[in-house]
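Coordinate analysis (summary)
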Protein chains: 2
Amino acid sequence: MEAADTRQEILIQASRLFKRLGYRATTTREIAKAVNIKQPSLFHHFPNKKAIVEEIFSLSLNEAAVRIENACRTAGPASERLHQYLVWDLSTLHRMPIAMSAIYTGDALKSPELAELAEKLKTFYRSLEDLISQGIRSGEFVDIDPSLGRLMVASITIAHLEYAEEATIEDPDRLAREGADFVLRAFRKT
Amino acid sequence: MEAADTRQEILIQASRLFKRLGYRATTTREIAKAVNIKQPSLFHHFPNKKAIVEEIFSLSLNEAAVRIENACRTAGPASERLHQYLVWDLSTLHRMPIAMSAIYTGDALKSPELAELAEKLKTFYRSLEDLISQGIRSGEFVDIDPSLGRLMVASITIAHLEYAEEATIEDPDRLAREGADFVLRAFRKT
DNA sequence: GTCTATAGCCTGATAGAC
DNA sequence: GTCTATCAGGCTATAGAC
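Counting from 1, residues in each chain are numbered in the order their sequence is written. Each chain takes a letter, starting from A, and each ligand takes a number, starting from 1, following the order in which they are written. Local features in this predicted model are restricted to residues whose pLDDT is 70 or higher, and side-chain atom pairs enter the listing and the counts only when it is 80 or higher, whereas totals over whole chains, interfaces and linings include all residues. Water and hydrogen atoms play no part in the side-chain values, which are based on all heavy atoms of the structure.

1. Some remarks on empty space enclosed by the protein
All names here are of chain B.
- Any residue with an atom within 4 Å of a point lines the site, the site being either a cavity, points on a 1 Å grid over the protein atoms alone where a 1.4 Å probe fits but cannot get out, or a pocket, an open set with protein on both sides within 12 Å along at least 5 of 7 lines. Grid points are joined across faces, edges and corners, and a volume is the space filled by probe spheres set on the points. Summed over the entire model, instances satisfying the criterion amount to 4 cavities of 30 Å³ or more.
- Reported here for the largest cavity is a volume of approximately 60 Å³.
- Along its surface, the largest cavity is lined by Phe18, Lys19, Gly22, Tyr23, Val53, Ile56, Phe57, Ala102, Thr105, Gly106, Asp107 and Ala108.
- Listed by contribution, the elements that provide at least two residues to the lining of the largest cavity are helix 1 (3–21) and helix 4 (49–73).
- Helical segments are the DSSP runs of H or I of at least four residues, strand segments are the runs of E of at least two, and each set is numbered from the N terminus. Ranked by the residues each element gives to the lining of the largest cavity, the list is headed by helix 4, at 3 residues.
- Each residue belonging to the lining of the largest cavity can be placed in one class, and the counts come to 7 nonpolar, 3 polar and 2 charged. Residue polarity is assigned by list, with Asp, Glu, Lys and Arg as charged and Ala, Val, Leu, Ile, Met, Phe, Trp, Tyr, Cys and Pro as nonpolar; anything else, Gly included, falls into the polar class.

2. A short note on the protein's contact with DNA strand C
- Neighbouring residues of DNA strand C: 17 residues in total, closest A:Thr28, A:Gln39, B:Ala3, B:Lys38 and B:His45.
- Near residues are defined by distance, with any heavy atom within 4 Å of the molecule or strand qualifying the residue. Here the atoms of DNA strand C within 4 Å of the protein split so that 58% fall in sugar or phosphate, with bases taking the remainder.
- N or O atoms within 3.5 Å of each other form a polar contact, as long as, within protein, one can give a hydrogen and the other can take it, and as long as residues adjacent in sequence are counted only when both atoms are side-chain atoms. Within the backbone of B:Lys38, a nitrogen or oxygen atom sits 2.5 Å from a phosphate oxygen of DNA strand C.
- Within the contact set of DNA strand C, a phosphate oxygen lies 2.8 Å away from a side-chain nitrogen or oxygen of B:Ser41.
- Listed by contribution, the elements that provide at least two residues to the surface near DNA strand C are helix 2 (28–35) of chain A together with helix 1 and helix 3 (42–45) of chain B.

3. Considering the layout of surface pockets
- Quantified by volume, the second largest pocket comes out at close to 340 Å³.
- Elements with a contribution of two residues or more to the lining of the second largest pocket: helix 7 (146–166) of chain A together with helix 7 (146–166) and helix 8 (172–187) of chain B.
- Looking at the lining of the second largest pocket element by element, the count peaks at 7 residues for helix 8 of chain B.
- Along the lines of polarity and charge, the residues of the lining of the second largest pocket split into 9 nonpolar, 3 polar and 8 charged.

4. Details of the side chain of B:Thr157
- Residue position: B:Thr157 is located in helix 7.
- Only heavy atoms enter the contact rule, under which two residues are in contact if any of them lie within 4.5 Å. Contact partners of B:Thr157, with chain neighbours within four places excluded, come to B:Asp89, B:Leu90, B:Leu93 and B:Tyr104.

5. Comments concerning the packing of aromatic side chains
- Here a pair means two rings of Phe, Tyr or Trp (six-membered ring of Trp) with centres within 6.5 Å. Their orientation is stacked below 30 degrees between planes, edge-to-face above 60, and tilted elsewhere. All chains considered together, the criterion is met by 12 aromatic pairs over all chains.
- Here A:Tyr85 and A:Trp88 contribute two aromatic rings whose centre-to-centre distance is 5.9 Å and whose plane-to-plane angle is 45°, an arrangement assigned as tilted. Taken together, the residues A:Tyr85 and A:Trp88, both in helix 5 (residues 78–95) and 3 residues apart, mark about one turn of the helix. Comparing A:Tyr85 with A:Trp88, the two get one shared label, buried.
- Of the aromatic side chains, those joined through ring pairs into one cluster are A:Tyr85, A:Trp88, A:Phe124 and A:Tyr125.
- For a lysine, the NZ atom is tested; for an arginine, the CZ atom; a charge sits over a ring if that atom is within 6 Å of the ring centre and within 35 degrees of the ring normal. In this arrangement the basic side chain of A:Arg150 is found over the ring face of A:Tyr125, its NZ or CZ atom lying 4.2 Å from the centre.
- It is B:Lys49 that lies over the ring of B:Tyr23; its NZ or CZ is 4.8 Å from the centre. Working definition: with a 1.4 Å probe on protein chains only, accessible area under 20% of the residue-type maximum means buried, over 50% means exposed, and in between means partly exposed.

6. Some points on the UniProt feature "domain: HTH tetR-type" (unreviewed entry) in chain A
- UniProt tags residues 4–64 of chain A as "domain: HTH tetR-type" (unreviewed entry).
- The annotated region residues 4–64 of chain A carries 75% helix and 0% strand content, and the separation between its end C-alpha atoms amounts to 24 Å. UniProt positions are given in the numbering used here, feature names are shortened, and annotations may be inferred rather than shown by experiment.

7. Some words on the interface of chain A and chain B
- With 29 residues of chain A at the contact, the number on the chain B side is 29 residues.
- The term buried area denotes the loss of accessible surface (1.4 Å probe radius) that occurs when two parts are joined, taken as the sum for both partners. Interface area for chain A against chain B, summed over the two sides, is near 2,700 Å², with a carbon-plus-sulfur share of 67%.
- Each salt bridge in this description consists of a side-chain nitrogen of Lys or Arg and a carboxyl oxygen of Asp or Glu lying within 4 Å of one another. The interface formed by chain A and chain B holds 2 salt bridges in total.
- Between B:Arg24 and A:Glu30 there is a salt bridge, and its shortest N-O distance comes to 3.3 Å.
- Broken down by secondary-structure element, the contributors of at least two residues to the side of chain A that touches chain B are helix 1 (3–21), helix 7 and helix 8 (172–187) of chain A.
- The leading source of residues in the side of chain A that touches chain B is helix 7 of chain A, at 10 residues.

8. Examining the protein's contact with DNA strand D
- Among the 17 residues in the neighbourhood of DNA strand D, the closest are listed as A:Ala3, A:Lys38, A:His45, B:Thr28 and B:Arg29.
- Backbone atoms, meaning sugar plus phosphate, form 58% of the atoms of DNA strand D positioned within 4 Å of the protein.
- With respect to DNA strand D, the side chain of A:His44 contributes an N or O atom lying 3.1 Å from a phosphate oxygen.
- Backbone polar atom of B:Lys49 to a phosphate oxygen of DNA strand D: 2.9 Å apart, as the coordinates give it.

9. Quick look at the packing of helix 4 (residues 49–73) of chain A against helix 6 (residues 115–137) of chain A
All names here are of chain A.
- Direction vectors running N to C along helix 4 and helix 6 enclose 25°, while the axes themselves pass 10 Å from each other. Relative to helix 6, the element helix 4 lies roughly parallel. Regarding helix 4 and helix 6, the two cross each other, and that crossing is left-handed. Of helix 6, the residues touching helix 4 (which contributes Glu54, Phe57, Ser58, Leu61, Asn62, Ala64, Ala65, Ile68, Glu69, Ala71 and Cys72) are Leu117, Lys120, Leu121, Phe124, Ser127, Leu128, Asp130, Leu131 and Gln134.
- Residue classes in the contact of helix 4 with helix 6 are distributed as 12 nonpolar, 4 polar and 4 charged. Axis definition: a line fitted to C-alpha atoms, limited for helices to the stretch in contact. Angles are taken between N-to-C directions and run from 0 to 180 degrees. For this classification, under 35 degrees means roughly parallel, over 145 means roughly antiparallel, 65 to 115 means roughly perpendicular, and everything else is oblique. In a left-handed crossing the near helix is turned counterclockwise from the far helix by less than a right angle, and in a right-handed crossing that turn is clockwise.

Structural data, given as structure tokens:
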């Protein structure tokens, strides 16, 4: 097994465990066991446990942050831009081997040693709230507190990812479209 | 401080910590510190850490399980019964001193020692899925996989509770109604 | 009913052989 | 690059004084 492969496998298995058990409760022994190596071998690939979760967060968040910012600045109806972003986000997440939803949920970001990551996520959330506000101002969306709206979008995304993990998905793009439709129905004025 | 008060305070503080950090990652020292007693004093009120989480789950789930079952068996449109249930659920949860959402989310139920509780929750979820199926069959709801629909309802409930914890809520009933409306818009055919 | 002290186990991380 | 062996510290839970 090459170093790069082992490293990737650590990220995959750790992300699943972080999602299932939380960051603090996941032990390096559990991660190592899932990767099929002994616990001290992890520290050849990562300096410490924190570095593993930091890399997962970066992989999840970096492209999503760029895309949501672009969606905020593009012309056209906010509802269409939100829908387009969600389709991209869900279909990307459905294909990922790493359980990205560990960012949105979980205890990792509440730990003070990971405050820097929490700040990055807040920036992402601000863009999402901005996009929702645009839709409310234009009369497309119901009058909801944008911060509640943002929580709704994030939690619906998590629900979708949990579903995709358990059920076997034959068409990830169709599922992503249906998820985005679900959110937009909830936000749109009837 | 009387025993009953201390016991209640343990449940309140533990539920908040379980929600924030997860069950496994929350230490008895942290709970004791939040209650303002020393760690071994906890074990005068509860035989072990597991007993604390079990009591929180029972308090949260017992009445909700009865109400969702009734909602399944009542006559009338499924959309109205789901809406009514959600208004009750959200307004009850908004008023609770114990952070009940620790049931829906978190790592506790995945731990094998709490498999019995996980079974109870599954029964609750089956009723919720049943109610959603009724709405799909009657043509009121969009054609969604009921197990995905159930995940959506649960995650939107969690998002609402998280919002209610951070923002100061002036009218919990209105917020509960708005949350139920949000869910129903997402489910109803347009 | 709460405390101090502590047992016994598990944790993240290091040292050094191969 | 992975291993065995191990350390220092944190964990749940118990014992026993007050």
